[in-house]
Amino acid sequence: MTIPVGQRVTFVNNDQRAHDIVGGVDPAHPDCPEILQFLTPGQRSDTGVFMTARTCEYHDHTMLGVPAFQGRIVIR
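Computed from a prediction, not measured in an experiment: that's the story for all the values here.

Q: What exactly am I supposed to notice about the pattern of salt bridges here?
A: Charged atoms that come close allow side chains of opposite charge to pair. Summed over the entire model, instances satisfying the criterion amount to three salt bridges. Across the pair Asp-60 and Arg-17 runs a salt bridge whose closest N-O atoms are separated by 3.5 Å. Taken together, the residues Asp-60 in strand β6 (residues 54–60) and Arg-17 in the loop between β2 (10–12) and β3 (19–22) connect sequence positions 43 residues apart. Take Arg-17: its relative accessible area is 30%, and that puts it in the partly exposed class.

Q: How should the nonpolar core be read in this particular structure?
A: Inside soluble globular proteins, nonpolar side chains tend to come together where they are buried. If you look at the biggest cluster of nonpolar residues, it comprises eleven residues: Ile-3, Val-9, Phe-11, Ile-21, Cys-32, Ile-35, Leu-39, Phe-50, Cys-56, Ile-73 and Ile-75. Excluding anything up to four places from it in sequence, Cys-32 contacts Gly-23, Arg-54, Thr-55 and Cys-56.

Calculation notes
Residues numbered from 1 in each chain as written. Predicted model: local features only at pLDDT ≥ 70, side-chain atom pairs only at ≥ 80, totals over all residues. Heavy atoms only, no water. Salt bridge = Lys/Arg side-chain N within 4 Å of Asp/Glu carboxyl O. Helix = DSSP H or I, 4+ residues; strand = E, 2+ residues; numbered from the N terminus. Buried < 20%, exposed > 50% of the residue type's maximum accessible area, 1.4 Å probe, protein only. Core = buried A, V, L, I, M, F, W, Y, C linked by side-chain atoms within 4.5 Å. Contact = heavy atoms within 4.5 Å.

Structure below.
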(Lines give C-alpha, C1' and ligand atoms only; values in the text may rest on other atoms or scores of the structure.)
Protein backbone atom coordinates (compact mmCIF):
# COMPACT_ATOMS: atom_id res chain seq x y z
CA MET A 1 0.00 0.00 0.00
CA THR A 2 1.22 3.52 -0.77
CA ILE A 3 0.10 6.58 1.20
CA PRO A 4 1.12 10.24 1.32
CA VAL A 5 3.18 11.70 4.17
CA GLY A 6 0.88 12.88 6.97
CA GLN A 7 -1.63 10.02 6.67
CA ARG A 8 -2.61 7.05 8.83
CA VAL A 9 -3.52 3.45 7.98
CA THR A 10 -6.42 1.55 9.55
CA PHE A 11 -5.85 -2.09 10.49
CA VAL A 12 -8.96 -4.26 10.87
CA ASN A 13 -8.96 -7.68 12.53
CA ASN A 14 -11.58 -9.82 10.78
CA ASP A 15 -10.07 -12.99 12.25
CA GLN A 16 -11.17 -15.10 15.23
CA ARG A 17 -7.84 -14.59 17.03
CA ALA A 18 -5.84 -11.60 18.22
CA HIS A 19 -3.02 -10.16 16.10
CA ASP A 20 0.07 -8.29 17.29
CA ILE A 21 1.14 -6.04 14.40
CA VAL A 22 4.69 -4.66 14.56
CA GLY A 23 6.44 -2.22 12.22
CA GLY A 24 9.82 -3.88 11.77
CA VAL A 25 11.58 -7.04 12.85
CA ASP A 26 11.89 -6.51 16.62
CA PRO A 27 8.85 -5.34 18.63
CA ALA A 28 11.18 -4.00 21.34
CA HIS A 29 12.87 -1.73 18.76
CA PRO A 30 10.32 -1.10 15.99
CA ASP A 31 11.53 0.49 12.74
CA CYS A 32 8.13 2.12 12.30
CA PRO A 33 6.62 2.70 15.76
CA GLU A 34 3.48 4.17 14.16
CA ILE A 35 2.42 0.59 13.35
CA LEU A 36 2.41 -0.94 16.84
CA GLN A 37 -1.07 -2.46 17.03
CA PHE A 38 -2.61 -5.20 19.15
CA LEU A 39 -6.00 -6.10 17.72
CA THR A 40 -8.53 -8.42 19.29
CA PRO A 41 -11.09 -10.14 17.04
CA GLY A 42 -13.37 -7.59 15.37
CA GLN A 43 -11.28 -4.61 16.48
CA ARG A 44 -10.00 -1.85 14.18
CA SER A 45 -7.32 0.71 14.96
CA ASP A 46 -5.50 3.52 13.19
CA THR A 47 -1.74 3.76 13.10
CA GLY A 48 0.07 6.88 14.18
CA VAL A 49 0.59 9.57 11.55
CA PHE A 50 3.42 8.77 9.13
CA MET A 51 5.42 12.02 9.00
CA THR A 52 8.45 10.81 7.03
CA ALA A 53 8.72 9.40 3.50
CA ARG A 54 10.00 5.84 3.86
CA THR A 55 8.98 2.19 3.53
CA CYS A 56 7.63 0.38 6.59
CA GLU A 57 7.56 -3.40 6.64
CA TYR A 58 5.13 -4.92 9.14
CA HIS A 59 4.13 -8.37 10.37
CA ASP A 60 2.03 -10.14 12.97
CA HIS A 61 4.59 -10.98 15.64
CA THR A 62 2.53 -14.02 16.69
CA MET A 63 2.58 -15.42 13.11
CA LEU A 64 6.24 -14.93 12.13
CA GLY A 65 7.10 -16.02 8.61
CA VAL A 66 3.49 -16.38 7.43
CA PRO A 67 3.16 -14.24 4.26
CA ALA A 68 -0.56 -13.60 4.80
CA PHE A 69 0.32 -11.76 8.03
CA GLN A 70 2.96 -9.36 6.72
CA GLY A 71 3.09 -6.42 4.38
CA ARG A 72 4.56 -3.07 3.46
CA ILE A 73 3.44 0.54 3.65
CA VAL A 74 5.23 2.98 1.35
CA ILE A 75 5.00 6.57 2.53
CA ARG A 76 5.67 9.22 -0.16
